[in-house]
Amino acid sequence: EAGVAQSPRYKIIEKRQSVAFWCNPISGHATLYWYQQILGQGPKLLIQFQNNGVVDDSQLPKDRFSAERLKGVDSTLKIQPAKLEDSAVYLCASSYTGGVAEAFFGQGTRLTVV
Amino acid sequence: LAKTTQPISMDSYEGQEVNITCSHNNIATNDYITWYQQFPSQGPRFIIQGYKTKVTNEVASLFIPADRKSSTLSLPRVSLSDTAVYYCLFPASGGYNKLIFGAGTRLAVHP
């Protein structure tokens, strides 16, 4: 079974530039998560989708971050404009709908803002 | 929001048993307790999940007392490859399986 795919693996941008990350979840998984993980900290939930609808985005800095999940499959996370404090690993995860299903994580995208 | 408390770090030696305890005083009746493991430069990986008493799989055991206000992850005979960060969390059952991670426990296994 293919895992959660993320791209790119690494990205370096200058502050005030924009950047986008892509995630392809495991086939059939209705729930998709985006996390931000700063070095030395646990993953912080940014946004959670159920199919193509948002069920939680309370921690998403909406003035600069946006995410979409068209057709309830792939998802993109965008930052515009980036700040130095956005330097982190961005993790995508997916799981079956509802309940306490196990979540599967991708390897993440390491973003460095200079 | 789901709140858990774990030790920040632990040290062990190869071949020893490691027990990591997590406190979750505000766990709801229907919540399950789940543990994830994260290696450097990788995303977290599901280890084990339980509701009460004891659960065991090929990787670990999970002990949950009757009041369910804490849980203990037990790793038998650890090796260097068990060096990782371990997270305890409880996704709400019946809802949207919201996964909120804390800081986790950084386990270092020494030769």
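To be clear, the structure that these remarks concern was listed above.
If you're wondering where the values come from, they're calculated on a predicted model, not measured in any experiment.

A.B. asks: What exactly am I supposed to notice about the state of the cysteines here?
C.D. replies: Disulfides are covalent bonds that link the sulfur atoms of two cysteine residues. All chains considered together, the criterion is met by two disulfides over all chains. Note that Cys23(A) is cross-linked by a disulfide to Cys92(A), the S-S spacing being 1.9 Å. Here Cys23(A) and Cys92(A) share a disulfide; its torsion about the S-S bond, -70°, makes the bridge left-handed. With Cys23(A) in strand 3 (residues 19-24) and Cys92(A) in strand 9 (residues 88-95), this residue pair connects regions lying 69 residues apart in the sequence. Across the disulfide from Cys22(B) sits Cys88(B); the S-S distance is 2.2 Å. In this structure the cystine formed by Cys22(B) and Cys88(B) twists about its S-S bond by roughly -75°; its chirality is therefore left-handed. Taken as a pair, Cys22(B) in strand 2 (residues 18-23) and Cys88(B) in strand 8 (residues 84-89) lie far apart in primary sequence, 66 residues in all. For the residue pair Cys22(B) and Cys88(B), the accessibility class agrees, reading buried in each case.

A.B. asks: What is the right way to read the environment of Gly72(A) from this model?
C.D. replies: Residue and element names in this part refer to chain A. Note that Gly-72 resides in the loop between strand 7 (65-68) and strand 8 (75-79). Placed 34 residues apart in sequence, Gly-72 and Gly-106 show a C-alpha to C-alpha distance of 17 Å. The contact partners of Gly-72, leaving out residues within four places of it in the chain, are Asn-51 and Asn-52.

Quick notes on the rules
Residues numbered from 1 in each chain as written. Chains lettered and ligands numbered in written order. Predicted model: local features only at pLDDT ≥ 70, side-chain atom pairs only at ≥ 80, totals over all residues. Heavy atoms only, no water. Disulfide = S-S within 2.5 Å. Helix = DSSP H or I, 4+ residues; strand = E, 2+ residues; numbered from the N terminus. Buried < 20%, exposed > 50% of the residue type's maximum accessible area, 1.4 Å probe, protein only. Contact = heavy atoms within 4.5 Å.

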